[in-house]
Amino acid sequence: MNRVTPDTWLDSPGEALVVGLGKSGTAVASFLARRGFRVTATDERGLYPSDPAIAPLAALGVDLVLGGHPETLVGHPWQFVAKSPGIPYHQPFIAELIKAAHVIVTDVEIASWFERRPIYAITGSNGKTTTTTLVGEMLKASGYHPIVAGNIGTPVCDVVDQPGDLLVLEVSSFQLDGTHTFHPRGGALLNFYPAHLDYHGTYEAYQQAKWKLFANQTPDDVAILNWDQALVRDRAGELAARVRGFSLEGAPFDEGVGVIDGALVAVRGRERTPILPVDQVALPGRHNLQNAAAAAALALAAGASVEAVARVLATFQGVEHRLEFVREVSGVRYYNDSKATNPDAARQALRSFERGVVWIAGGLDRGISFDPLLPDISGRVRAAVLLGETKEKLREVLARAGVSTCAFAASMEEAVREASRMAEPGDVVLLSPACASWDMFPSYEVRGSMFKEAVHRL
């Protein structure tokens, strides 16, 4: 692969290839064209130049190559190739570009070449969006003007020119895999659970992509690590940055945020500063308490005040599609946790309720076992409605957990109606699929929105 030399490229913008015209790819193509690069953008889908999402690109001089990837694109001397994060490296066209020694980058890398404000970035298997949102709110409550973007929904290239003091970014393993010089002032690694193995190939490769968050940090920077997970904690000594921890099991570190005597506490050496009693944190569930501790540690490192952190944690009710309370109908509460796209995320949602759960689950089959959910299903889930490619696998696991009341549904509307029929007063109907959405829905957001709409029609 050729060397990554952004300073040279910014001084003399040349030709760049953008592969994939989804939300982030379109943002990258527009961003680069407005900065003097001669951009060619290609997408194998049957798009038309007049499609509203990409039509503005032609006006910026972007050359659109749609419906396939001609071989001539591989041999062209591009300065670099910007790949949409969701396109895997083993995709044939990307593999050919790599074989031809092209530099492959993602949107986070490109935005960082132009961004001079401090960047605080969050990654992990679960909890990224909640933690990112919390950090943004804590900094806002402290008088800063943070810009919250990235994998959370707003492409990072769309916010480089927006006014603000600093950037708070949710970054995925897909995005981090395409970084080379990305250098956040502060980074937080929340946790590791097996996910996206169809993309990365192995669990180890997935983890390595996440660790790239810290690759370019220096002793002037801060790394926030989950001290309760050995996979994260044990590599602390390899990082160049100053390490701070977060933990629900005390404060076994020199700096960070831990739970001590029933309260979140900021730790710095021998100094202990209480933030908030655990029972006053508004978000439910142990997993959200971990998110709260991580967010507090990163926000404090970025300059937030303890008072502002406490106010936010006491009042923040959550973000859409993350254990989101929808409504109560006839004594039954309905929760939308559509963002639970893997078994470990669903486990956290199930653990938020002691019993009486009518579980709506299922989706894309990525070959992941659901057996680890057995202890969390048993005694909690009273009935289930299953969707998508994994419904048979989930039914078998539910049967082994002692759940005999189980139905299949062909649509979200049908699933909600069936769950409503099964539920009794005092129960919870929980959409927490444990699977990606793409077998039936274009995104987890669409899946969650359809759930909420169906609930409101009851």
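What counts and how
- Residues numbered from 1 in each chain as written.
- Predicted model: local features only at pLDDT ≥ 70, side-chain atom pairs only at ≥ 80, totals over all residues.
- Heavy atoms only, no water.
- Pairing = 2+ DSSP bridges.
- Helix = DSSP H or I, 4+ residues; strand = E, 2+ residues; numbered from the N terminus.
- Contact = heavy atoms within 4.5 Å.
- Axes fitted to C-alpha atoms, helices over the stretch in contact; angles between N-to-C directions.
- Core = buried A, V, L, I, M, F, W, Y, C linked by side-chain atoms within 4.5 Å.
- Buried < 20%, exposed > 50% of the residue type's maximum accessible area, 1.4 Å probe, protein only.
- Domains from an automatic or database assignment.
- Expected span 1.5 Å × (residues − 1).
- Arc of directions from axis to C-beta.
- Parallel < 35°, antiparallel > 145°, perpendicular 65-115°, else oblique.
- Left-handed = near helix turned anticlockwise from the far one by under 90°.
- Nonpolar A, V, L, I, M, F, W, Y, C, P; charged D, E, K, R; others polar.
- Salt bridge = Lys/Arg side-chain N within 4 Å of Asp/Glu carboxyl O.
- UniProt positions renumbered as here; feature names shortened; annotations may be inferred.

Caption draft 1: Just the sheet that holds strand β4 (residues 80-83), in detail. The parallel open sheet is built from 5 strands, whose spatial order is β3-β2-β1-β4-β5. The sheet terminates laterally at β3 (63-66) and β5 (104-105), the two strands that pair on one side only. Across 5 bridges, strand β1 (residues 15-19) lies against strand β2 (residues 38-43) in parallel orientation. Across the sheet, the residue bridging to A16 is V39, located in β2. The strands touched by helix α5 (residues 92-99) within the sheet are β1, β2, β4 and β5, with β1 carrying the most contacts at an inclination of about 150°.

Caption draft 2: The arrangement of the nonpolar core in detail. The biggest cluster of nonpolar side chains holds 58 residues, and the ones touching the most others in it are L32, F80, I110 and L225. Broken down by element, this core gets its largest block of residues, 6 residues, from helix α2 (residues 23-33). Among the domains, domain 1 (6-105) and domain 2 (111-315) are the pair contributing at least three residues each to this core. With residues up to four places along the chain from it excluded, the contact list for I110 reads V28, F31, L32, F80, A82, V105 and C157.

Caption draft 3: Broad picture of helix α18 (residues 444-456). The first and last C-alpha atoms of α18 sit 18 Å apart over 13 residues, in line with the 18 Å expected at 1.5 Å per residue. Among all positions in α18, only Y444, R447, G448, F451, K452, A454 and V455 are buried. The arc that holds every buried residue of α18, seen down its axis, measures 165°, which confines them to one face. Those residues of α18 that are buried are in contact with β15 (324-329), β16 (332-336), β17 (357-361), α17 (412-422) and β20 (428-431).

Caption draft 4: Spotlight on the packing of α2 against helix α6 (residues 107-114). In the contact formed by α2 and α6, the axes pass within 10 Å of each other and the chain directions differ by 30°. Classified by the interaxial angle, the pair formed by α2 and α6 is roughly parallel. In this structure, the crossing between α2 and α6 has a hand that is left-handed. In this structure, α2 contributes S24, V28, F31 and L32 to the contact, and α6 contributes D107, I110 and F114. For the contact of α2 with α6, a count of residues per class yields 5 nonpolar, 1 polar and 1 charged.

Caption draft 5: Broad picture of the pattern of salt bridges. The tally for this structure, following the rule as stated, stands at 23 salt bridges. In this structure, R395 and E392 form a salt bridge, with 2.8 Å as the shortest nitrogen-oxygen distance. Of the two residues, R395 and E392 are both situated in helix α16 (residues 391-400); the distance of 3 residues between them amounts to about one turn of the helix. For R395, a relative accessible area of 38% gives the class partly exposed. Given a relative accessible area of 44%, E392 falls into the partly exposed group.

Caption draft 6: Molecular detail of the sheet that holds β15. Overall, mixed pairing links the 6 strands, which are arranged β15-β16-β20-β17-β18-β19 in an open sheet. Looking at the sheet topology across the chains shown, the edges are occupied by β15 and β19 (406-408). Mean inter-strand twist for the sheet, computed between neighbouring axes without regard to direction, equals 20°. Pairing of β17 with strand β18 (residues 381-386) involves 5 bridges; the strand directions are parallel. The residue bridging V358 from the neighbouring strand is A383, located in β18. The sheet contacts of α17 involve β16, β17, β18, β19 and β20, and relative to β18 the element is tilted by about 160°.

Caption draft 7: Representation of the UniProt feature "binding site: ATP" (unreviewed entry) in the protein. Residues annotated in UniProt with the feature "binding site: ATP" (unreviewed entry) correspond here to G124, S125, N126, G127, K128, T129 and T130. Along the chain, G124 turns up in the loop between β6 (119-123) and α7 (128-141). The buried category is assigned to G124, whose relative accessible area is 0%. Those residues in contact with G124, other than ones at most four positions away along the chain, are L189, L190, N191, Y206 and K210. Positionally, T130 belongs in helix α7. Residue classification places T130 among the buried residues on the basis of a relative accessible area of 6%. The residues touching T130, leaving out its near neighbours within four places in the chain, are L283, N288, N291, V319 and R322.

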